[in-house]
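Now for the letters of each chain:
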2 protein chains.
Amino acid sequence: MNASDPVGTIEFYFDFSSPYGYLAAQKIDRIGDRYGRPVHWHPIMLGVIFKETGNRANDGIDLKGDYMRRDCPRLAAMMDVPFTWPEPFPVATLAAARAFYWLEDHDPDKAVPFAKACFHHYFGLGNDISDVQDVIYIAEEMGIDGGALAEAVTRDDIKQRVKDKTAQALDLGVFGSPYFLVEGEPFFGSDRFWQIERYLGKGKDKT
Amino acid sequence: MNASDPVGTIEFYFDFSSPYGYLAAQKIDRIGDRYGRPVHWHPIMLGVIFKETGNRANDGIDLKGDYMRRDCPRLAAMMDVPFTWPEPFPVATLAAARAFYWLEDHDPDKAVPFAKACFHHYFGLGNDISDVQDVIYIAEEMGIDGGALAEAVTRDDIKQRVKDKTAQALDLGVFGSPYFLVEGEPFFGSDRFWQIERYLGKGKDKT
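Each residue is numbered by its place in its chain's sequence as written, counting from 1. For this description, chains carry letters from A and ligands carry numbers from 1, given in the order in which they are written. Predicted model: local features are reported for residues with pLDDT of at least 70 only, side-chain atom pairs are reported and counted for 80 or more only, and whole-chain, interface and lining totals are derived from all residues. With hydrogens and water stripped out, all remaining heavy atoms of the structure feed into the side-chain values.

Asks: Now, about the pattern of salt bridges: what can you tell me, with residues and values included?
Replies: By convention in these notes, a salt bridge is any Lys or Arg side-chain nitrogen within 4 Å of a carboxyl oxygen on Asp or Glu. Summed over the entire model, instances satisfying the criterion amount to 24 salt bridges over all chains. Put simply, K116 of chain A and D29 of chain A hold a salt bridge, and the shortest N to O gap is 2.6 Å. Here the residue K116 of chain A occupies a position in helix α6 (residues 111-124), and D29 of chain A occupies one in helix α2 (residues 28-35), the gap between them amounting to 87 residues. On the basis of relative accessibility, which here comes to 37%, the residue K116 of chain A falls in the partly exposed class. For D29 of chain A, a relative accessible area of 23% gives the class partly exposed. Of the charged contacts in the structure, one is a salt bridge between R161 of chain B and D105 of chain B, with a shortest N-O distance of 2.9 Å. With R161 of chain B in helix α9 (residues 156-171) and D105 of chain B in helix α5 (residues 94-106), this pair connects stretches of sequence that are 56 residues apart. Overall, R161 of chain B belongs to the partly exposed group, its relative accessible area being 24%. Each of R70, D71, R74 and D191 of chain A together with E185 and R192 of chain B takes part in one network of salt bridges that share partners. A run of DSSP states H or I qualifies as a helix once it reaches four residues; a run of E qualifies as a strand once it reaches two. Both are numbered from the N-terminal end. Between buried and exposed lies partly exposed: a residue is buried under 20% and exposed over 50% of the maximum accessible area for its type, with that area taken using a 1.4 Å probe on protein chains only.

Asks: Go over the sheet that holds strand β4 (residues 185-188) of chain B, please, and point to the residues and values.
Replies: Residues and elements named next belong to chain B. Sheet architecture is open: four strands sit in the order β2-β1-β3-β4, paired in mixed fashion. The sheet is open, and its two borders are formed by β2 (39-43) and β4, each paired with just one other strand. Taking each pair of neighbouring strands and ignoring which way they run, the sheet shows an average axis angle of 20°. By the bridge criterion, four bridges tie strand β3 (residues 179-182) to β4 in an arrangement that is antiparallel. Paired with F180 across the bridge in β4 is F187. Between any two strands, at least two bridges found by DSSP are needed for them to pair. Angles run from 0 to 180 degrees between N-to-C directions of axes, and those axes are lines fitted to C-alpha atoms, restricted for helices to the stretch in contact.

Asks: If you had to explain the packing of aromatic side chains to someone new, which residues and values would you point to?
Replies: Two aromatic rings, drawn from Phe, Tyr or Trp (for Trp, its six-membered ring), form a pair once their centres lie within 6.5 Å of each other, and the interplanar angle then sorts them: stacked below 30 degrees, edge-to-face above 60, tilted otherwise. Counting across every chain of the model gives 50 aromatic pairs over all chains. With a centroid separation of 5.8 Å and 65° between ring planes, the pair formed by F187 of chain A and Y199 of chain A is classed as edge-to-face. One end of the pair, F187 of chain A, is in strand β4 (residues 185-188); the other, Y199 of chain A, is in helix α10 (residues 193-206), and 12 residues separate them in sequence. Among the residues examined, F187 of chain A registers a relative accessible area of 0% and is labelled buried. Consider the rings of Y122 of chain B and F123 of chain B, whose centres lie 4.7 Å apart with planes at 70°: the pair is edge-to-face. Across the pair, exposure class does not vary: Y122 of chain B and F123 of chain B are buried alike. R69 of chain A extends its terminal NZ or CZ atom over the ring of W85 of chain A, reaching a point 4.7 Å from the ring centre. Both a distance and an angle decide whether a charge sits over a ring: NZ of Lys or CZ of Arg must be within 6 Å of the ring centre and within 35 degrees of the ring normal.

Asks: An account of the side chain of S18 of chain B is needed here, citing residue identities and associated values.
Replies: Residues and elements named next belong to chain B. By the secondary structure assignment, S18 is in the loop between β1 (10-14) and α1 (19-25). You can call S18 buried: its relative accessible area is 6%. In protein, a polar contact means a hydrogen-donor-capable atom and an acceptor-capable atom, both N or O and within 3.5 Å, with residues adjacent in sequence counting only if both atoms are side-chain atoms; elsewhere, any N or O pair within 3.5 Å suffices. A polar atom in the side chain of S18 sits 2.9 Å from the backbone nitrogen of G21. Contact criterion: two residues are considered in contact whenever any of their non-hydrogen atoms come within 4.5 Å of each other. Residues within four places of S18 in sequence aside, it is in contact with F119, F123, S177 and P178.

Asks: Quick one: what's the story with the environment of Q160 of chain A, residue by residue and with numbers?
Replies: Looking at the element boundaries, Q160 of chain A is found in helix α9 (residues 156-171). Given a relative accessible area of 39%, Q160 of chain A falls into the partly exposed group.

Asks: Kindly report on the confidence of the model for chain A, identifying the contributing residues and their values.
Replies: Detail in the predicted coordinates should be disregarded across regions flagged by low pLDDT. The predicted model of chain A averages 91 in pLDDT, with 94% of residues at 70 or higher. Confidence per residue, as judged by the predictor, is encoded in pLDDT with a range of 0 to 100. Segment residues 1-5 of chain A: pLDDT under 50, and three contacts once partners within four positions in sequence are set aside and those in other chains are kept.

Asks: Tell me about the relation of the copies chain A and chain B, residues and numbers included.
Replies: For the pair chain A and chain B, the relating rotation is 180°, the translation along its axis is 0.0 Å, and the fit reaches an RMSD of 0.0 Å. The two molecules are tied by a two-fold rotation axis, judged by turn and shift. Within chain A, D191 of chain A has its C-alpha nearest the rotation axis, a separation of 3.4 Å. Of the interface residues in chain A, 100% have counterparts in chain B that sit at the interface too, so the contact is made through matching surfaces. Least squares is used to superpose the copies, and the fit set is the C-alpha atoms of residues whose pLDDT is at least 70 in both copies.

Structure (C-alpha cells):
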C-alpha cells in the first residue's frame, strides 16, 4: 500500500454539529496512528443527509433526545474530554465546512487542526460556530488569514465542494455522524472503535 | 442491598424482534453475574414505543437499514453467536411477550430461558416467532405445557400486562431496544456494555 492507495485509509465523515462526531474526533487519529492508517476528515451537511434518507437528528425524537443530552456529557467525562452543551444546538455548520475545504487546498496541514478547533469551540467550550464571524475567530486564533477565509467561503467552487462531498457521502451509504469507511467497510457511531480496531487488526494478520 | 431492592438490579428492556436486543441478550447475564447484579428481562412492544416517541425502526430508514443488515451479522460473527436474518422481519412479537409474562407468574425459572429460546429461534435460526403456534413450539421444546400457554396468551390480564410493561418502559424513558437501567442510569444499545461495566465498577468502589 502507498499514500495514493485509498484502500489503506480511514475515511471519517461527520458534521461539526454532531456531539458524537465531536467525541469520535478525539479518538480517531490515535486509531489511525496505532494501525498506520491515514485518517481523512470529511465534514458534511447532516441536514441534507437526513432529508434524503428520512433519518432524523436524535434531538428531534422524544426520549432519545433526552438520552443523548445525558449520554454525551457522560461519555465525555469517561473519556476525560471537555464537554459543554452549546447554545444554540444544533446549528448549521456550512461556514465551518466550507472553511475546512478551502484550507484543504490552500494550507492543508491546517485543515484537521482547524476542524478540531471548531469542534472544541462548539462542544468543548459551548460557543456558537454557525456564523462566518465565529469561524473567522477560530481560524485567526490559529494564524489563518481571516480575510482570505471570509472571501473563500463565498466562492462558488467552495460552496459546490461541500455539496459534492455530502452527495458523495450519501452515495457511499453515510446516513449519520460519525461514520467511518475502512476499505469500504462501514462503521457508524462513536462507540465502534473497538470494532474498527478489530477489523484493522485482522487486516494486518492477513498480510 | 437485598432481593426486593430494585437499586441493585439491571433492568433489561427489549423487543423480541430487535436484532440488537438479540445480541445484547447474549451478554447481559454475564455482566450481571460478574458484578453480582440480578438482571430483570422485560419484553416490550417497540412498535408502540416508536409510535409514541416518533422514533423509527432502523429498517425503515434508507441506508441505515442497509447498514444494520450488514452490521448485525458482522457483530454476531465477532461475538461467535449464530445469526440468520429471519423472514419475515420485523414481526409483531406480542405472543412471545405475553407467554413470557405468563411464565414469569406461572413458572418463573423458565421465563428467561424461554426468552433466550425465542431470540434463538428468530435471529439464531431465522424462524418466524410471530404466530402463537411458533411460540407454543418453542415452549413445548422446553417442556412447557403448550395448551396452558395457548390459553394464557388470550387472557385479558396477560394482554394488559404487556401493555402496562410497555407504558411503564415509556415512562422510564425507553425509546428503543436494547435499553438498560442500572440504578436509574440509562444505557442504550448493544455496544454499551463497556459503559455499564465501568458504571458498575465505580459503584462498587463507592461502597
